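So you can see what is in the structure, the chains are spelled out below.
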Amino acid sequence: METFILPREAFNAIEAGLGSKERAEVLASAIEMCLNEINQKARECILEKKEHVKIEIKEELKNELVTRELFEERFRYLDNKIDERFTYLDNKIEERFNYLDNKIEERFATLNVKIDALNFKFNILVALMIIVVTFANPNFINLIEKIFK
């Protein structure tokens, strides 16, 4: 705690006004005690006011600014919404890929049927070509004539 001491000039003025050093010391001592008490009360008042102002500012900031709990709550809400949206999009993409996969399988099945049909026709054509070439061969015709005579 800081004590207040009267300046020398003030003490001299009190001594001159009262006419005695003892009376001046008593008055100076009383003034110093009063000033110290006022100083102490002022400090206490300032500290109390400081606490009140601190609490008021804290309350105002709590009302004006986002608290950590509110921020985390909103963040979790947004995170859930994003998860829901991504899940929805993942499902839609999977559905689309399944649809396209089925369409591709259908097309390949159709192509396989067409290729099988073409393969069958090609085999018939090859067989016919062998028969035609065989019957168009003069040596084969001579062999047939010899066999059936």
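Notes on the structure follow. Just so you know, the residues in each chain are numbered from 1, in the order the chain's sequence is written. For this predicted model, a pLDDT threshold of at least 70 governs which residues receive local features, and a threshold of 80 or more governs which side-chain atom pairs are given and counted, while totals over whole chains, interfaces and linings are taken from all residues. As a convention, hydrogens and water are excluded, and side-chain values are obtained from all of the structure's heavy atoms.

### Describing the nonpolar core
Here the nonpolar core consists of buried residues drawn from Ala, Val, Leu, Ile, Met, Phe, Trp, Tyr and Cys, with membership extended through side-chain atoms lying within 4.5 Å. The buried label goes to any residue with under 20% of its type's maximum accessible area, the exposed label to any with over 50%, and the partly exposed label to all in between, with areas taken from a 1.4 Å probe on protein chains only. Listed in full, the 5 residues of the largest apolar core are Leu6, Phe11, Ile14, Ala24 and Ala28. Only runs of H or I of at least four residues qualify as helices and only runs of E of at least two qualify as strands under DSSP, and these elements are numbered from the N terminus. Contributing elements (two or more residues each) for this core: α1 (8-18) and α2 (21-64). Here, residues are in contact when the closest pair of their heavy atoms is within 4.5 Å. Residues contacting Ala28, with those up to four places away along its chain left out, are Leu6 and Phe11.

### Structural notes on the pattern of salt bridges
We define a salt bridge as a contact between a side-chain nitrogen of Lys or Arg and a carboxyl oxygen of Asp or Glu at a distance within 4 Å. Counted according to the given criterion, the structure contains 4 salt bridges. Among the ionic pairs, Glu84 bridges to Lys81, the shortest N-O distance being 3.9 Å. Here Lys81 and Glu84 lie together in helix α3 (residues 68-136), a separation of 3 residues that amounts to about one turn. Linking Lys103 and Glu106 is a salt bridge whose minimum nitrogen-to-oxygen distance equals 4.0 Å. With Lys103 and Glu106 both in helix α3, this residue pair falls 3 residues apart, about one helical turn.

### Re the packing of α1 against α2
Between N-to-C directions, angles span 0 to 180 degrees; the directions come from axes that are lines fitted to C-alpha atoms, helices contributing only their stretch in contact. Running from amino to carboxyl end, α1 crosses α2 at an angle of 130 degrees, the nearest separation of the two axes being 8 Å. Considering their axes alone, α1 and α2 lie oblique with respect to each other. Considering how the two elements wind past one another, α1 and α2 form a crossing that is right-handed. Along the contact surface, α1 presents Phe11, Ile14, Glu15 and Leu18, while α2 presents Lys21, Arg23, Ala24, Glu25, Leu27, Ala28 and Ile31. Between 65 and 115 degrees an angle is taken as roughly perpendicular, under 35 as roughly parallel, over 145 as roughly antiparallel, and anywhere else as oblique. Two helices cross in a left-handed way if the nearer one is turned anticlockwise from the farther one by less than a right angle. They cross in a right-handed way if the turn is clockwise.

### So, α2
Between its first and last C-alpha atoms α2 spans 62 Å; for 44 residues at 1.5 Å apiece the expected length is 64 Å, and the two agree. All buried positions along α2 are accounted for by Ala24, Ala28 and Asn36. The inward-facing, buried residues of α2 abut α1. A helix is expected to span 1.5 Å multiplied by its residue count minus one.

### Thoughts on the state of the cysteines
When two cysteine sulfur atoms are found within 2.5 Å, that pair is recorded as a disulfide. This model, assessed by the stated rule, comprises 0 disulfides. Cys34 provides the cysteine sulfur closest to Cys45, a residue in no disulfide bond, and the two sulfurs are 17 Å apart. You can call Cys45 exposed: its relative accessible area is 54%.

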